[in-house]
Amino acid sequence: MINDCFAQNMRVIASRWPNLVTVLQQAAAEKHRLAVQLIEGQDNTLLINGIQLTSRHNRQQEALQQISKLPQHYPHITLYGTGLGDLQQQLLGRERLQQLKVCILNEYVFALVLQLLDQRHWLSDSRVTLQLAASQSDIQLPFAVLPSELVLASDSSMRVRDRLYSELEAGYAAQRLKQDISPFLPRLQQNQPFWQQDQPVQTLFNSLAADKDVYVIAAGPSLEQHYGFIKQAQQQPNAPLLICVDTAVAALLSQDIRPDIIVSRDHKIGLRHLPCNSLTAASRLVYFPLANPELLQHFPGKRYIALSDSAVFDPVRKQLSAATLFSYGSVIHPAVDLAVKMAAKRVLLFGADFAFSHNKTHASWQNGALGPGYQAATEQVINGFGEKVPTLRNLLTYLTGLERYISKQPAVTFFNTSKAGAFIAGTQYHAELTH
């Protein structure tokens, strides 16, 4: 039975955002989705599926703290999560605020709150717009977010949730680097003899034949399904260009597949990860100034130096004439950007799982050999079959970076070759390789 509180809240929503009425009515009827408990204190709050929605001591003070980093002069703010209405109340108290866009991260939580509390104080404010977070193609800045609802985000909001996590973590990482880049200076100095003699990466740009595909090969578990396809393609007259990330090299070599270009960005990658003695001079290496000098010394082919926009490279940026490759935390980003800047029109992604598909972390590596084992997964992501696959938050950040990059490349067609890993927005599934 619909109570008076819900009816009053819904009348405002129906008059302002009629497209949300059916969604919220259905969510209100599905109470079984939530385990709810009242938590009492100086303030009352709700414990939903084991997550405390807000503080039970001083909700308004908590709300002020959560929006404290948003300057008072911002005229437009997006709020992710509806909570109990406290963040809305505090933001609407700002004199210069002209628009508050409230995005529902969990329609079931919001419907529950609408049944329990009068939310008309913010629903009726003309500055407020209300929408499902899932309706957004990307997050909107500047934003505030209710931390509890990041954890409680519904399945339909997982993509937005991942991008919120990504944005928050990118901000923390940038702040840490800004504070101190001194630990990286000795390695930059150590590698100076290499990058002073190697060619800048831009000598590879626009060098691809118009009809040649590029295979960008990452080290996700699904790569193991496609060794035969890649090997056969490499033997064709108009063979694709194989651009391979460093941690996938050993997997390819084990199948007698020789990558054309290897991209390495992590300073921890060494000969254990990238067996140079099994490569020939035909392979080329694109690396960044923090690369392992042992790797550079033993690599048999041509080397090309690249930069990213990281603050780590600021001390050497003026000394290098190298171009910048896109980077968002993973080596797959500069590998894909290199393919595009070489003039690729069709890019096939192999092993770009961003998840622990098949209960593995990497193709051809023992579980845990390159980091946490698959049992350490803390998050889930939706794959091409609509299933939830275990993953880590940093992998979701890398996925966000790739999706944003792809969205800015309308002239390039990107194919995903496996449905086992994360769905990648902006890609097509390769008809021959995915079923």
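Here we summarise the structure given alongside this text. (Residues numbered from 1 in each chain as written. Predicted model: local features only at pLDDT ≥ 70, side-chain atom pairs only at ≥ 80, totals over all residues. Heavy atoms only, no water.)

### What about helix H16 (residues 393-407)?
Over its 15 residues, H16 extends 21 Å from the first C-alpha to the last, a length consistent with the 21 Å expected when each residue adds 1.5 Å. For H16, a buried count of 12 out of 15 residues is recorded, marking the element as mostly surrounded by other parts of the structure. Among the residues of H16, Leu395, Leu396, Thr397, Tyr398, Leu399, Thr400, Gly401, Leu402, Glu403, Arg404, Tyr405 and Ile406 are the ones counted as buried. (Helix = DSSP H or I, 4+ residues; strand = E, 2+ residues; numbered from the N terminus. Expected span 1.5 Å × (residues − 1). Buried < 20%, exposed > 50% of the residue type's maximum accessible area, 1.4 Å probe, protein only.)

### Some thoughts on empty space enclosed by the protein
For the structure shown, the criterion picks out one cavity of 30 Å³ or more. There is about 70 Å³ of room inside the largest cavity. The wall of the largest cavity is formed by 15 residues, among which Thr54, Gln66, Asp86, Leu87 and Leu146 lie closest to the centre. Sorting the residues of the lining of the largest cavity by element identifies helix H3 (59-66) and helix H4 (86-92) as the ones contributing at least two each. With four residues, H3 is the largest single contributor of residues to the lining of the largest cavity. Per-class residue counts for the lining of the largest cavity are five nonpolar, seven polar and three charged. (1 Å grid on protein atoms, 1.4 Å probe; cavity = no way out; pocket = protein on both sides within 12 Å on 5 of 7 lines; lining within 4 Å. Points joined across faces, edges and corners; volume = space filled by probe spheres on them. Nonpolar A, V, L, I, M, F, W, Y, C, P; charged D, E, K, R; others polar.)

### Quick notes on unusual backbone geometry
Cis geometry is adopted by the peptide bond preceding proline 142, which originates at leucine 141 and carries an omega value of -10°. Take proline 142: it is sitting in the loop between strand S6 (128-132) and strand S7 (143-145). With a phi close to 90°, alanine 343 is a non-glycine residue in the positive phi region. Locating alanine 343 in the fold gives a position in the loop between helix H15 (332-341) and strand S14 (346-350). The phi dihedral of phenylalanine 354 is positive, around 55°, even though this residue is not glycine. Positionally, phenylalanine 354 belongs in the loop between S14 and strand S15 (379-382). For phenylalanine 354, a relative accessible area of 8% translates into the label buried.

### Let's talk about the layout of surface pockets
Considered as a void within the structure, the second largest pocket measures approximately 290 Å³ in volume. Of the residues contributing to the lining of the second largest pocket, the split by class is eight nonpolar, four polar and five charged.

### With respect to the packing of aromatic side chains
Using the criterion set out here, one finds nine aromatic pairs in the structure. For the ring pair tyrosine 80 and phenylalanine 143, a centre distance of 5.9 Å and an interplane angle of 80° mean the geometry is edge-to-face. With tyrosine 80 in strand S4 (residues 76-80) and phenylalanine 143 in strand S7, this pair connects stretches of sequence that are 63 residues apart. Overall, the relative accessible area of 13% leaves phenylalanine 143 in the buried class. Between the aromatic rings of phenylalanine 229 and phenylalanine 350, the centroid separation amounts to 6.2 Å while the plane-to-plane angle is 35°, which identifies the pairing as tilted. With phenylalanine 229 in helix H11 (residues 227-234) and phenylalanine 350 in strand S14, the pair connects residues that are 121 residues apart, well separated along the chain. For the pair formed by phenylalanine 229 and phenylalanine 350, the shared burial category is buried. Counting every residue linked through ring pairs, the aromatic cluster contains Tyr215, Phe229 and Phe350. We note arginine 393 situated over the ring of tyrosine 165; from NZ or CZ to the ring centre the distance is 3.7 Å. (Phe/Tyr/Trp six-rings, centres within 6.5 Å; stacked < 30°, edge-to-face > 60°. Lys NZ or Arg CZ within 6 Å of the ring centre and 35° of its normal.)

### Here we look at the sheet that holds strand S2 (residues 45-48)
By way of backbone hydrogen bonds, the strands of a sheet pair with one another, either parallel or antiparallel. Spatially, S1-S2-S3 is the arrangement adopted by the three strands of the open sheet, whose pairing is antiparallel. The open sheet has two edge strands with one neighbour each: strand S1 (36-39) and strand S3 (51-52). Contacting S1 and S2, helix H5 (residues 107-116) crosses the sheet at an angle of about 145° to S2. (Pairing = 2+ DSSP bridges. Contact = heavy atoms within 4.5 Å. Axes fitted to C-alpha atoms, helices over the stretch in contact; angles between N-to-C directions.)

### Observations concerning the nonpolar core
Core analysis: the biggest nonpolar cluster contains 90 residues, and Ile217, Leu223, Ile243, Val286 and Leu338 have the highest contact counts within it. Sort the elements by how many residues they give to this core and H16 lands first, with seven residues. Beyond its immediate stretch of four places on either side in the chain, valine 286 contacts Val201, Leu204, Ile261, Ile262, Val263, Ser264, Tyr304, Ala306, Leu325 and Leu338. Formed by 41 residues, the second largest nonpolar core is a distinct cluster that contains Leu24, Leu79, Ile104 and Phe110. (Core = buried A, V, L, I, M, F, W, Y, C linked by side-chain atoms within 4.5 Å.)

### Details of the sheet that holds strand S18 (residues 428-429)
On the basis of which strands lie adjacent, the open sheet formed by nine strands has the order S8-S13-S12-S11-S10-S9-S14-S17-S18 and parallel pairing. Where the open sheet ends on each side, the last strands, each with one partner, are strand S8 (199-200) and S18. Docked against the sheet, H11 engages strand S9 (214-217), strand S10 (241-245) and S14, running at close to 145° with respect to S9.

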